[in-house]
Amino acid sequence: MCVKDGLGEVILALEHIHKYFHLKGGYFSSKRHRITAVRDVSLSLPHGITYGLVGESGCGKTTLSHITAGLLPPDGGRVIFCEEDLYALGYKELKEKRKRIQLVFQDPYSSLNPRLSVGYVIKEALRQGNVPKEELEERAASVLKSVGLDPGCMSSYPHQLSGGQRQRVVIARALCVSPLVLIMDEPVSSLDVLIQAQILDLLLEIKERVQIPYIFISHDLKIVTYLSDIIGVMYRGEILEEGPSLEVYKAPLHPYTELLLASVPKMGDAKGFLASDPTVELKTEHESLNQGGACPCSYYLRCNRRSRECLSGPIELRSIGENRRIRCINV
Amino acid sequence: MRMGEGYKLIRNDWVGFLGLCLFLCFLGISVLGLLLTRGSEPILDPKKVRLHEKLKPPMCKASPETIANEKLPFGRFLLGTDDLGRDVFARMLQGAYVSMSVGFVSVGISVLIGVIIGGISGYYGDRNIGLITFLSLLLLIAGIILIISSNRSLGLLLSCLGVISLLLKKTRFLKQMDRQFIDVDSFIMRIVDIMLCFPSFFLILTVVVVLPPSIYNIMIVIGVTSWMGTARFVRAEFLALRELDFVKAAKLLGLSDMKIIFVHMLPNAIGPVLVSATLGVASAILVEAGLSFLGLGVPPPHATWGNILSDGKNYLFDAPWLTFIPGFTIMLVVLSFNLFGEALRDMVNPKLKS
Amino acid sequence: MEGLLKIKGLNIGLRGQDLGERPSIVQDLHLEISKAESVCLVGESGCGKSITALSIMGLLPKGLRIWSGKILFEGMDLLRLNEKELRRIRGSEISMIFQEPMSSLNPVLTIGQQLREVFLAHLKGEEPVHKKEIEDRCVSLLRDVGLPHPKDQLRAYPHMLSGGQRQRVMIAMAMALNPKLIIADEPTTALDVTVQLQILRLLKGLQEGRECSLLFITHDLSLVPNVGDRVYVMYKGRIMEEGPSREVVSSPLHPYTKALLSAIVDPESPKGIKAKALRTKDNRSNSVLVDKNAKGKGQGCRYASTCPSVEARCRELEPGLMVANDRKVRCWLHVC
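Residues numbered from 1 in each chain as written. Chains lettered and ligands numbered in written order. Predicted model: local features only at pLDDT ≥ 70, side-chain atom pairs only at ≥ 80, totals over all residues. Heavy atoms only, no water.

## Notes on the overall build of chain A
Logical step 1: When its secondary structure is counted, chain A shows 11 helices and 12 strands.
Logical step 2: Of all 331 residues assigned to chain A, the portion counted as buried reaches 59%.
Logical step 3: Considering only contacts within chain A whose residues lie at least 6 apart along the sequence, 65% involve residues at least 24 apart.
Logical step 4: Of the roughly 13500 Å² that chain A leaves accessible, carbon and sulfur atoms contribute 52%. (Helix = DSSP H or I, 4+ residues; strand = E, 2+ residues; numbered from the N terminus. Buried < 20%, exposed > 50% of the residue type's maximum accessible area, 1.4 Å probe, protein only. Contact = heavy atoms within 4.5 Å. Areas by Shrake-Rupley, 256 points an atom, 1.4 Å probe, with all protein chains shown as cover.)

The structure is reproduced here in structure tokens:
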């Protein structure tokens, strides 16, 4: 069991995680392609901290979230949860431990079984959280209220609820087993702007109430910065920059972070937004998509600061200052 | 809530509703038929031979001596008589029960086997079977087949070898050789492919000839040789469902595999299975009719729609009703099952793709 | 600037709906786009903006019906045209870009084949078409939208391209015949932020370069000042506010516009405060999105149930569109 004492105690740590996917090439050839989904990712999550992971689609953040939650064994590295290596445990113990890391998925439509009512889903989750039978009804009502839903919706089916309501149900389900860590994989990306704001507000409120660390994943830098304490910028399976969220937002160091920042639509400076063009060269984007990790720096081909030295050898994540890390030699 | 929605849906879809009504009618008729024609003194006697009344067309009046001896509805033979003077109406009623039960039971068996095998293949598909496990399973299966085909001693030997090696698989000696060989999904699918290689009707024929003729054997045989389609459907649905978020969420909650399969995945995968099952009922009735046509079905004098058809083939021009009436009835039953099956699919699989 | 497209009094409802009720999808819509102007239509999902766009193109889905209204394109009422005339206009005078780049392109045809289709459909019978000439035009189109190696891309299939690249192909297809109006229905919603920037830049550049008009539909108000000259804010089938985008965004009049603006997350503001201001009384109001079955009874303002500044008269009578300078707003709070 994990003891929650004092800040600074690391509850979840990823050490040098690698994950590859194998593709078959061509019709009859048995030659196999290897795609590197996650390359040497290490991060640690202290108590009470929200870690935000930003990156484009395809950068490996969903894979990383599944590995962290215990659903997908990595090909290298360890996931240390409560000081135990998650994937070294036997199947039964893994199942028990996994309950304490909950995952909220992106798509509110496929996250709920269309044949089961909301009440059934919540009560089933509560039963898994070892709530005695007599208290089920009451606890279900209170959990639903705590995410802002009317307990009367227990008899509804998912197709009768809107996207925002479904997402609330999913969050409620995750909270039923009293998790120690909550991973959220793009929970608001498919929702409308107003509902997004409500769900973000809900997440903040839950964070204050329950005091558990979050890992918040999104491709929208604004939202991640708003919600997290530490940001990690991910690109093609690697973490390129890491640091306290506002610092990274106001003063990004890595060229990719600068690109992400420039892509945030600015209300005040319209002409400037569309004219600014820090890095993108379309030709190289096309090429870099087909590369498959041959360069030591995965961002090399799109970078506006690239130089000869970037190709010389593997680039490590080095620390700059007290709490920032960066993977670039041109800073 | 679900059934209420389903009821409304069927009311709007009158074709499916019609199918459902017909289906229920036939169910009723088969039960009624069983009651009316069984026992030694049944109300409507399918066995009674009246040679003086043979080959009478439908709705013809019975001769006075027949009316004197027994009671006939309206004093007529409602659907005529066959070449032995037996009442076709009574025989059809008796046959209804057989045909419907063959349809249901065999489909029930095939769906059961198909769901289990397809479910295992779809859910556990990427687990690997070790070499030793594979070989011992092969030995076991070979042994069982040999036992069934009366080669007892060799069969017993092989199956014992298989069982022993399965039990000893965990020991140090064999564990090293038990490396990953083939995954569960491929293994099961190859078995399905092997089963599919046999033309099913011939497979049924072979088994029916070997086993003693009885209605139960036929049901089991049809069931055991037609589960492959269902297995493939279930496997396909499971492969897709496995990647959906709610299944991953259920795993994260720590639910047991059995619970995930039966409570979460199966109700969502059942759509195509239901449709295939209703079509399967129709096809099972036809298979039984075919077997009876060839003389390999339920033994006489018990009537089935198939053997009424079969007997009628000799009198196709003299007494066409002997062939048309059972043929038309089979067509009606198949049609009603088809219509109902389609409505059922719409009713049962609504909002998975929302 | 002369008017290119004028929508007047458009009413769209469900087929079979009672004519005595309010049309449930779009009510009394007025919209104007001038030549070489870029207009944004903003609203949540389900508010009817996509339906409006589809009705301009004559592609309304089967269950919906246009009750009344006119859509005047260069003076011609599009709703009175027959299918043949509409087909002539679609693609060559008005073209559309859809939201989902994954499903807008036919997966079994190459990019080149799909581009060629656009030309062939409209040039047939007019002049003998040379294969080489069409191919050259396709290549130059792909180059204009910024696809690398255009000659090779002609032989590529959609699944070989990324989402952003597919959207570029869509834009190329839309631009092929130099239309006068391009309707873009949430073209960047499904794309990443970095790709969104590129696509927006491309759209704006092409629009300004070729002097065509753009109707940009989105749910994200933060894109509006960057893309549009004017903006229409739509809620549940009604235009709630209208005006030059810069002004609407900097000083919004309607409570709904204000709510949309404050929903835009600003990382540098203190956490929680901004969002709490939005939290509505009860979250059953979320069900407005699935409540399409609710009959259009009731006479009040559509936004009354969620509006933080709601008054009694808001529930009784729906306000009309009030005009003030070049801005219009539909709210009782702004009636003088």
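## Regarding the packing of helix α11 (residues 228–242) of chain B against helix α13 (residues 257–293) of chain B
Residues and elements named next belong to chain B.
Logical step 1: Interaxial distance between α11 and α13 falls to 9 Å at its minimum, and their mutual angle equals 135°. Considered as vectors, α11 and α13 are oriented oblique to each other. In the packing of α11 onto α13, the handedness of the crossing is right-handed. Mapping the contact onto sequence places Thr 230, Phe 233, Val 234, Glu 237, Phe 238, Leu 241 and Arg 242 in α11 and Ile 261, Met 265, Leu 266, Asn 268, Ala 269, Pro 272, Val 273 and Ser 276 in α13.
Logical step 2: Here the residues of the contact of α11 with α13 are counted per class, giving 10 nonpolar, 3 polar and 2 charged. (Axes fitted to C-alpha atoms, helices over the stretch in contact; angles between N-to-C directions. Parallel < 35°, antiparallel > 145°, perpendicular 65-115°, else oblique. Left-handed = near helix turned anticlockwise from the far one by under 90°. Nonpolar A, V, L, I, M, F, W, Y, C, P; charged D, E, K, R; others polar.)

## Let's talk about the sheet that holds strand β1 (residues 3–14) of chain C
Strand-to-strand pairing in sheets goes through backbone hydrogen bonds, with the strands running parallel or antiparallel.
Residue and element names in this part refer to chain C.
Logical step 1: One open sheet accounts for 4 strands, arranged β2-β1-β4-β5; its pairing is antiparallel. Each edge of the open sheet carries a strand with a single partner, namely β2 (26–34) and β5 (76–77).
Logical step 2: As paired elements, β1 and β2 share 6 bridges and run antiparallel to each other. Opposite Leu 10, over in β2, you have Leu 29 as the bridge partner.
Logical step 3: In the packing of helix α1 (residues 49–57) onto the sheet, contacts are made with β1, β2 and β4 (64–73), and the angle to β1 comes to roughly 115°. (Pairing = 2+ DSSP bridges.)

## Quick notes on the sheet that holds strand β6 (residues 94–97) of chain C
Residues and elements named next belong to chain C.
Logical step 1: With mixed pairing, the 8 strands of this open sheet are ordered in space as β6-β7-β8-β3-β9-β10-β12-β11. A strand with exactly one partner marks an edge of an open sheet, and here the two such strands are β6 and β11 (322–324). Geometrically, the sheet is characterised by an average inter-axis angle of 20° between neighbouring strands, direction not taken into account.
Logical step 2: Bridge analysis of β6 against strand β7 (residues 181–185) gives 4 bridges, and the strand direction is parallel. The residue bridging Ile 94 from the neighbouring strand is Leu 181, located in β7.
Logical step 3: Against the sheet, α1 contacts β3 (38–42), β6, β7, β8 (213–218) and β9 (230–235), and its axis sits at roughly 145° relative to β6.
Logical step 4: The strands that helix α8 (residues 193–210) touches are β3, β6, β7 and β8; relative to β8, the one it contacts most, it runs at about 155°.

## Focus: the packing of helix α5 (residues 131–148) of chain B against helix α6 (residues 152–167) of chain B
All names here are of chain B.
Logical step 1: Two numbers describe how α5 lies on α6: the axes approach to 7 Å, and their chain directions differ by 155°. As judged from the angle between their axes, α5 and α6 are roughly antiparallel. Here α5 and α6 pass one another in a crossing that is left-handed. For the pair formed by α5 and α6, the contact residues are Thr 133, Ser 136, Leu 139, Leu 140, Ala 142, Gly 143, Leu 146 and Ile 147 on the first element and Arg 152, Leu 154, Gly 155, Leu 156, Leu 158, Ser 159, Leu 161, Gly 162, Val 163, Ser 165 and Leu 166 on the second.
Logical step 2: The residue inventory of the contact of α5 with α6, partitioned by class, reads 11 nonpolar, 7 polar and 1 charged.

## A closer look at the packing of aromatic side chains
Logical step 1: For the structure on display, the rule yields 8 aromatic pairs over all chains.
Logical step 2: Both rings, one in B:Tyr123 and one in B:Tyr124, keep their centres 5.0 Å apart while their planes meet at 90°; by these two values the pair is edge-to-face.
Logical step 3: Residue B:Tyr123 is classed as buried on the basis of its relative accessible area, which comes to 7%.
Logical step 4: A relative accessible area of 17% places B:Tyr124 in the buried class.
Logical step 5: Here C:Tyr235 and C:Tyr303 contribute two aromatic rings whose centre-to-centre distance is 4.9 Å and whose plane-to-plane angle is 85°, an arrangement assigned as edge-to-face. (Phe/Tyr/Trp six-rings, centres within 6.5 Å; stacked < 30°, edge-to-face > 60°.)

## Examining the pairing of β3(C)
Every regular strand shows the same layout, with side chains that alternate between the two sheet faces.
All names here are of chain C.
Logical step 1: Within β3, 5 of the 5 residues are buried, leaving the element largely enclosed by the surrounding structure.
Logical step 2: Because side chains alternate across β3, one face comprises the buried residues Ser 38, Cys 40 and Val 42, and the other comprises Val 39 and Leu 41, equally buried.
Logical step 3: As defined by bridge partners, β3 adjoins β8 across 5 bridges and the pair is classed as parallel. Among the inter-strand pairings, Val 42 is bridged to a residue of β8, identified as Thr 218.

## Quick word on the interface of chain B and chain A
Logical step 1: With 27 residues of chain B at the contact, the number on the chain A side is 31 residues.
Logical step 2: When chain B packs against chain A, close to 2600 Å² is buried across both sides, 55% of that on carbon and sulfur atoms.
Logical step 3: In this structure, the connection of chain B to chain A is made through 0 salt bridges.
Logical step 4: Between the two partners, chain B and chain A, sit 11 residue pairs in polar contact (both at pLDDT 80 or more).
Logical step 5: Elements with a contribution of two residues or more to the side of chain B that touches chain A: α1 (2–12), α12 (245–252) and α13 of chain B.
Logical step 6: For the side of chain B that touches chain A, the residue count by class is 12 nonpolar, 6 polar and 9 charged. (Buried area = accessible area lost by both parts, 1.4 Å probe. Salt bridge = Lys/Arg side-chain N within 4 Å of Asp/Glu carboxyl O. Polar contact = N/O pair within 3.5 Å; in protein donor to acceptor, adjacent residues only side chain to side chain.)

## Description of unusual backbone geometry
Logical step 1: A positive phi is found at A:His16, a non-glycine position, where the angle reads about 50°.
Logical step 2: In this fold, A:His16 is placed in strand β1 (residues 10–24).
Logical step 3: Residue A:His16 is classed as partly exposed on the basis of its relative accessible area, which comes to 48%.
Logical step 4: Residue C:Asn178 is not a glycine yet carries a positive backbone phi of 50°.
Logical step 5: Position of C:Asn178 relative to the elements: it lies in the loop between α7 (163–175) and β7.

## Let's talk about the nonpolar core
Logical step 1: Counting 109 residues, the largest nonpolar core has A:Ile122 and A:Ile171 as its most contacted members.
Logical step 2: By size, the runner-up hydrophobic cluster in this structure holds 64 residues, among which are C:Val145, C:Met175, C:Leu223 and C:Met240. (Core = buried A, V, L, I, M, F, W, Y, C linked by side-chain atoms within 4.5 Å.)

## Points about the domain arrangement of chain B
All names here are of chain B.
Logical step 1: Segmentation of chain B into domains returns domain 1 (3–47 + 87–125 + 200–352) and domain 2 (49–85).
Logical step 2: A separation of 34 Å is found between the C-alpha centroids of domain 1 and domain 2.
Logical step 3: On the side of domain 2, 16 residues touch domain 1, which itself brings 13 residues to the contact.
Logical step 4: Together domain 1 and domain 2 conceal approximately 1200 Å² of surface at their shared face, both sides included; 67% is due to carbon and sulfur atoms.
Logical step 5: On the domain 1 side of the interface with domain 2, the three residues burying the most area are Asp 87, Phe 89 and Trp 321, jointly 44% of the side's total.
Logical step 6: Counting every contact that joins domain 1 to domain 2 gives 1 salt bridge.
Logical step 7: Asp 82 is the partner of Arg 91 in a salt bridge, and the nearest nitrogen-oxygen pair spans 3.7 Å.
Logical step 8: Of all the secondary structure elements, the ones that give two or more residues to the side of domain 1 that touches domain 2 are α4 (88–123) and α15 (321–348).
Logical step 9: Among the elements that make up the side of domain 1 that touches domain 2, the one with the highest residue count is α4 (4 residues). (Domains from an automatic or database assignment.)

## Some thoughts on the side chain of C:Glu93
Logical step 1: Relative to the assigned elements, C:Glu93 resides in the loop between α2 (83–89) and β6.
Logical step 2: For C:Glu93, a relative accessible area of 18% gives the class buried.

## Focus: helix α8 (residues 184–197) of chain B
In an α-helix there are 3.6 residues to a turn, and that puts residues three or four apart on one side.
Residues and elements named next belong to chain B.
Logical step 1: Taking 1.5 Å as the rise per residue, α8 with 14 residues should run 20 Å; its terminal C-alpha atoms sit 20 Å apart, in good agreement.
Logical step 2: Here α8 has its buried residues at Val 184, Asp 185, Phe 187, Ile 188, Met 189 and Val 192.
Logical step 3: Along its buried surface, α8 packs onto α4, β3 (128–130), α5, β4 (180–183) and α11. (Expected span 1.5 Å × (residues − 1).)

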